[in-house]
Amino acid sequence: MKKLIALFTLFSLCSQVDAQTFQEEVLAFQEDLNAHYKSKEDTPLDKKARRKFKGHQFFPMNEKFRVEARFVRADSSVSFKMKTSTTRLPMYEIYGQVHFEIDGKSYSLNVYQSHTLRTMEEHENSLFLPFTDATNGLTSYGGGRYLDLEIPAGDTMLIDFNLAYNPYCAYSYRFSCPIPPKENDLNVKILAGIKLAH
C-alpha cells in the first residue's frame, strides 16, 4: 500500500502542463496502476482475480476535472478517528481545505493527513483526499474514490480527478479502507478517473 501511495503522489506534483503533457501524465498513471494490480507482490487481487484482470476501466480524460484549487490550511490541528470498512479507526488530521470550481459552481473538500504516514520520512508530506460524488454506485465504486496529494508550498493545489483511484476494498473484503467523511461528498458527477471495479 505504501508503494501505491508513492505511485499516486508522483502523478500529483505538476500544476502547469499543456494538453499533450496532461494526456501523457494520465496515461502513465493508468498504465502504472494496471501494472500494479497485475503484480504478484503488490496487487490487492487474489490469484484467480489477477489471472482474469485485463486492466481497469477509466472515464475519458477530461481537463475540466483537473482544477487549480485554493488551499486553506486548518487554523488548528483537528485530529479524529476515521471510519473504515472494518472496526479499525486510524488517526487522521484535517490538514486543510481546497476550494475550486467545476462548470462555474463552487465546491470544497477537506484534505487529511495520516498520523501513521507522517511519521515516515518518505510520506511526511503526503495528504489524503477521499471523496464521494454523484457517480458512486452507478459508474464508479459505491464506497467512493481516493486522491493522494502533497503538502503545497503556497496557497494553491492541483486537484486532478483524472488520477482518482479505488480503495482496495473495491476488489477484496480482506482490506480495511477509510470511508470518505460525509463532508467530502460532491453533489456533482466526477466523470474522471477510475470507474467501477468490476
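Above this text you will find the structure in question.
Here the structure is a predicted model, which means the values were calculated and not measured. (Residues numbered from 1 in each chain as written. Predicted model: local features only at pLDDT ≥ 70, side-chain atom pairs only at ≥ 80, totals over all residues. Heavy atoms only, no water.)

### Brief notes about the packing of aromatic side chains
Basically, it comes down to this: Aromatic pairs are defined between Phe, Tyr and Trp rings, using the six-membered ring for Trp, whenever the two ring centres lie within 6.5 Å; interplanar angles under 30 degrees are classed as stacked, those over 60 as edge-to-face, and all others as tilted. Only Lys NZ and Arg CZ are tested; either one counts as a charge over a ring when it is within 6 Å of the ring centre and within 35 degrees of the ring normal.
Here the structure, examined in full by the defined rule, presents twelve aromatic pairs. Geometry around Tyr-95 places Arg-73 over its ring, the cationic atom sitting 3.7 Å from the centre. Here the basic side chain of Lys-195 rests over the ring of Phe-59, its NZ or CZ set 5.2 Å away from the ring centre.

### Structural notes on the state of the cysteines
Definition in use: Any two cysteine sulfur atoms lying within 2.5 Å of each other are counted as a disulfide. Partly exposed residues are those whose accessible area sits between 20% and 50% of the maximum for their type, while under 20% is buried and over 50% is exposed, using a 1.4 Å probe and protein chains only.
All chains considered together, the criterion is met by one disulfide. Across a sulfur-sulfur distance of 2.2 Å, Cys-169 and Cys-177 are joined as a disulfide pair. Where Cys-169 bonds to Cys-177 through sulfur, the torsion about that S-S bond is close to 100°, and the disulfide is right-handed. Here the two residues Cys-169 and Cys-177 agree in accessibility, since each one is buried.

### Digging into the environment of Ser-108
Filter applied, for reference: A run of H or I in DSSP becomes a helix once it reaches four residues, and a run of E becomes a strand once it reaches two; helices and strands are each numbered from the N terminus. Any two residues whose heavy atoms approach within 4.5 Å at even a single point are treated as in contact.
Of note, Ser-108 is situated in strand β3 (residues 105-114). Spatially, the C-alpha atom of Ser-108 lies 8.9 Å from that of Ala-69, the residues being 39 residues apart in sequence. Those residues in contact with Ser-108, other than ones at most four positions away along the chain, are Gln-97, Val-98, His-99, Glu-183 and Leu-186.

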